[in-house]
Structures are given as structure tokens and as C-alpha cells.
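# Fold and geometry: a report
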Amino acid sequence: MKAVRNALTRTLNVLAGVSFIAMVVLTCWQVFTRYVLKNPSSWSEELVSYLFAWASLLGASLVTGERGHMNIPILVEKCSPLVQKILGIFGELVAFAFSAIILVYGGIAITQLAMGQMTSSLGVQVGVFYVVMPLCGVLNMIYTVLNIVDICKGGTTDEKEAA
């Protein structure tokens with residue numbers, strides 16, 4: 001299980017890094033074409049906005065894998081270890097359900113719907129850029145299952161990484 005988690009995390013980190021570098025380069029290109037060439041590049045601006053959406057959703061999947069989403073642990077910490085484990089599993093099940101319903105099911109529906117539309121500057125089907133929603137939904141579901149396994153074994157991902 002740890003090998004799967006590490007492979008997913010490494011892949012997502014590379015994708016996040018590549019998309020960040022691409023956004024920086026494309027934004028610099030946009031500035032150059034606008035102010036130096038006096039002929040702004042519309043396609044680069046559009047691509048940066050789609051890359052930003054991809055990076056955000058892929059980053060959310062990374063955070064899911066680390067169990068790093070915002071929470072308020074003050075009440076949970078006062079509970080017994082068994083109740084903490086149950087609440088942790090419940091939280092992961094809620095994240096799994098959200099990912100399955102909203103990201104995977106809804107993402108597939110919106111992707112299919114958007115395949116009939118073309119982007120204004122790039123000339124690519126909009127649905128191509130929406131594919132990230134079901135993809136991240138599946139990644140989140142994998143990570144939540146791995147998190148539940150870790151919780152059941154008695155630890156958290158943070159404790160295992162520190163060891």
C-alpha cells in the first residue's frame with residue numbers, strides 16, 4: 001500500500017511542478033507578447049487558466065493523500081482513541097462519497113457535455129480540460145481507501161512518514 005501511495009504522490013508532485021513551470025513560462029510569454037510585441041497572445045492566457053484549474057485539483061488530491069485538509073481537531077482529540085479512529089474513518093468515507101458523486105459522476109457528466117464546445121483561443125474541446133475532475137475523483141477515492149487502511153492499522157500517514 002505504501003508503494004502505491006508513494007508512486008501516486010511522486011507522480012502528482014511531478015505534474016504539479018511541471019504545470020507550475022508551464023504557467024510561469026506561459027505568463028512570461030503573455031507579458032512579453034503584450035508589452036514588447038504589442039500583440040497579446042490569447043491562447044497562452046487561456047491555457048494558463050486551464051493549467052491553474054488542473055494544478056488546483058491535482059493539489060487537492062495530494063492534500064487528500066496526506067490527510068491534510070482543514071479540520072478542527074479540538075473535539076476529536078478529547079475523545080478516546082477508538083472514537084478518534086471511528087471519526088477518522090467517517091471523515092474519509094465522506095471524502096470518498098464526495099469524490100465518487102461530485103468529482104467522478106458529475107465530472108464525467110460535465111466532461112461529456114463540454115465535449116461539444118470548443119475553447120475560444122486554443123480550438124480544443126472544452127471537455128478535454130474537464131477530464132481532470134473525474135481523474136482527481138478517482139485519485140481521491142484511492143487515497144481515501146489508503147487512508148482508511150492506515151487508520152485501521154492504528155496510525156496516520158503523518159506518523160508513518162515521520163518514522
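This one's a predicted model, so the numbers in the text were calculated from it and none came from an experiment.

So, on to a nonpolar patch on the surface. A grouping of Trp29, Val31, Phe32, Tyr35, Val36, Leu37 and Trp43 is seen on the molecular surface, where their side chains present a nonpolar patch of about 710 Å² in accessible area. The biggest single contributor to the nonpolar patch is helix 1 (residues 2–35), with four residues. Mapped onto the elements, Tyr35 comes out in helix 1. Classification of Tyr35 as exposed rests on a relative accessible area of 55%.

Considering all chains together, one arrives at three salt bridges under this definition. Where Glu45 meets Arg34, a salt bridge forms, and the shortest distance between an N and an O atom there is 3.8 Å. With a gap of eleven residues between them, Glu45 in helix 2 (residues 42–65) and Arg34 in helix 1 connect regions that are remote in the sequence. The exposure class of Arg34 is partly exposed, given its relative accessible area of 35%. Notably, a salt bridge pairs Glu92 with Arg67, separated by 3.1 Å at the nearest N-O pair. Separated by 25 residues along the polypeptide, Glu92 in helix 4 (residues 81–114) and Arg67 in the loop between helix 2 and helix 3 (74–77) bring together distant segments of the chain. Using a relative accessible area of 28% as the deciding quantity, one classes Arg67 as partly exposed.

Next up on the list: the packing of aromatic side chains. For the structure shown, the criterion picks out two aromatic pairs. Relative to Phe32, the ring of Trp29 has its centre 5.9 Å away and its plane inclined at 35°; by these criteria the two rings are tilted. Residue Trp29 and its partner Phe32 are both found in helix 1; the two are separated by three residues, about one turn of the helix. A relative accessible area of 38% places Trp29 in the partly exposed class. Among the residues examined, Phe32 registers a relative accessible area of 36% and is labelled partly exposed.

Cut-offs and rules
- Residues numbered from 1 in each chain as written.
- Predicted model: local features only at pLDDT ≥ 70, side-chain atom pairs only at ≥ 80, totals over all residues.
- Heavy atoms only, no water.
- Patch = residues over 30% accessible without salt bridge, like charges linked within 9 Å, V, L, I, M, F, W, Y side chains within 5 Å.
- Areas by Shrake-Rupley, 256 points an atom, 1.4 Å probe, with all protein chains shown as cover.
- Salt bridge = Lys/Arg side-chain N within 4 Å of Asp/Glu carboxyl O.
- Helix = DSSP H or I, 4+ residues; strand = E, 2+ residues; numbered from the N terminus.
- Buried < 20%, exposed > 50% of the residue type's maximum accessible area, 1.4 Å probe, protein only.
- Phe/Tyr/Trp six-rings, centres within 6.5 Å; stacked < 30°, edge-to-face > 60°.

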